[in-house]
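Coordinate inspection notes
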Amino acid sequence: KQEVTQIPAALSVPEGENLVLNCSFTDSAIYNLQWFRQDPGKGLTSLLLIQSSQREQTSGRLNASLDKSSGRSTLYIAASQPGDSATYLCAVRSDNYGQNFVFGPGTRLSVLP
Amino acid sequence: GAVVSQHPSRVICKSGTSVKIECRSLDFQATTMFWYRQFPKQSLMLMATSNEGSKATYEQGVEKDKFLINHASLTLSTLTVTSAHPEDSSFYICSAGAGGAFFGQGTRLTVV
């Protein structure tokens, strides 16, 4: 059974800091991994999707890396802004457990002005 | 990119009534759709896999008679919460396409 964990559970930083969110998964046989943003009471916004054959993906101030063999992914946010405040979810689609995504518990980020 | 539309975004219903949530793939056909549930301060958990033209597959612990799923066409799956109770209050979200990578906007259900 695939399990996904995220560290830290919560993070509060001053505006302008660069930060790293961590995601770990137990079964390295993944198809892809996706990072989402969820604002309070809202749905999911897809940030970055990394296929199993890729090492990283970048979009603006966001960079996600994938080390499949060690079961880890990191989301790097550069020059954080108050508008980045949200919960960040990591989700993994496995080769062995169907086509659905398994979600981590999320990291709740607060960027203080 | 592919678009998945979910409706309604919010619904409040009385205990004992049924609520239907729709999930549509707008620009592609989806033989499989996924339904997830998120309780307050928890992450999303897969409830069931909806298969066009056949029965849905439910995850362990999810009551199939309470959460009725119908996937009658290649662009529409519906989730009906029957005889809803306050403990069913949750955030429900669907996904489809490319291995379920595209998510709807979600539905916040409140049962009073």
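Look a little higher up for the structure.
Here's a quick rundown of the structure. Quick caveat, the model's predicted, so the values are computed rather than measured.

1. Some remarks on the pattern of salt bridges
Residues and elements named next belong to chain B. Across all of its chains, the model carries four salt bridges over all chains by this definition. The salt bridge partner of Asp88 is Lys66, with a shortest N-O separation of 2.9 Å. With a gap of 22 residues between them, Asp88 in the loop between β8 (76-81) and β9 (90-96) and Lys66 in the loop between β6 (57-58) and β7 (67-73) connect regions that are remote in the sequence. For the pair formed by Asp88 and Lys66, the shared burial category is buried.

2. Overview of the environment of Phe101 of chain A
Residues and elements named next belong to chain A. Position of Phe101 relative to the elements: it lies in strand β10 (residues 101-103). Phe101 sits in the buried class, given a relative accessible area of 2%. Between the alpha carbons of Phe101 and Gln34 there is a distance of 8.7 Å; along the sequence they are 67 residues apart.

3. With respect to the interface of chain B and chain A
Between chain B and chain A, the contact holds 16 residues from the first and 15 residues from the second. Buried area between chain B and chain A, both sides added, is near 1200 Å², and the carbon and sulfur share of it is 56%. At the junction of chain B and chain A, the tally comes to zero salt bridges. Counting across the interface, chain B meets chain A through three residue pairs in polar contact (both at pLDDT 80 or more). Every element with two or more residues in the side of chain B that touches chain A is listed here: β4 (32-38) and β9 of chain B. Element by element, the count of residues in the side of chain B that touches chain A is highest for β4 of chain B, at three residues. Within the side of chain B that touches chain A, the residues separate by chemical class into nine nonpolar, five polar and two charged.

Basis of the calculations
- Residues numbered from 1 in each chain as written.
- Chains lettered and ligands numbered in written order.
- Predicted model: local features only at pLDDT ≥ 70, side-chain atom pairs only at ≥ 80, totals over all residues.
- Heavy atoms only, no water.
- Salt bridge = Lys/Arg side-chain N within 4 Å of Asp/Glu carboxyl O.
- Helix = DSSP H or I, 4+ residues; strand = E, 2+ residues; numbered from the N terminus.
- Buried < 20%, exposed > 50% of the residue type's maximum accessible area, 1.4 Å probe, protein only.
- Contact = heavy atoms within 4.5 Å.
- Buried area = accessible area lost by both parts, 1.4 Å probe.
- Polar contact = N/O pair within 3.5 Å; in protein donor to acceptor, adjacent residues only side chain to side chain.
- Nonpolar A, V, L, I, M, F, W, Y, C, P; charged D, E, K, R; others polar.

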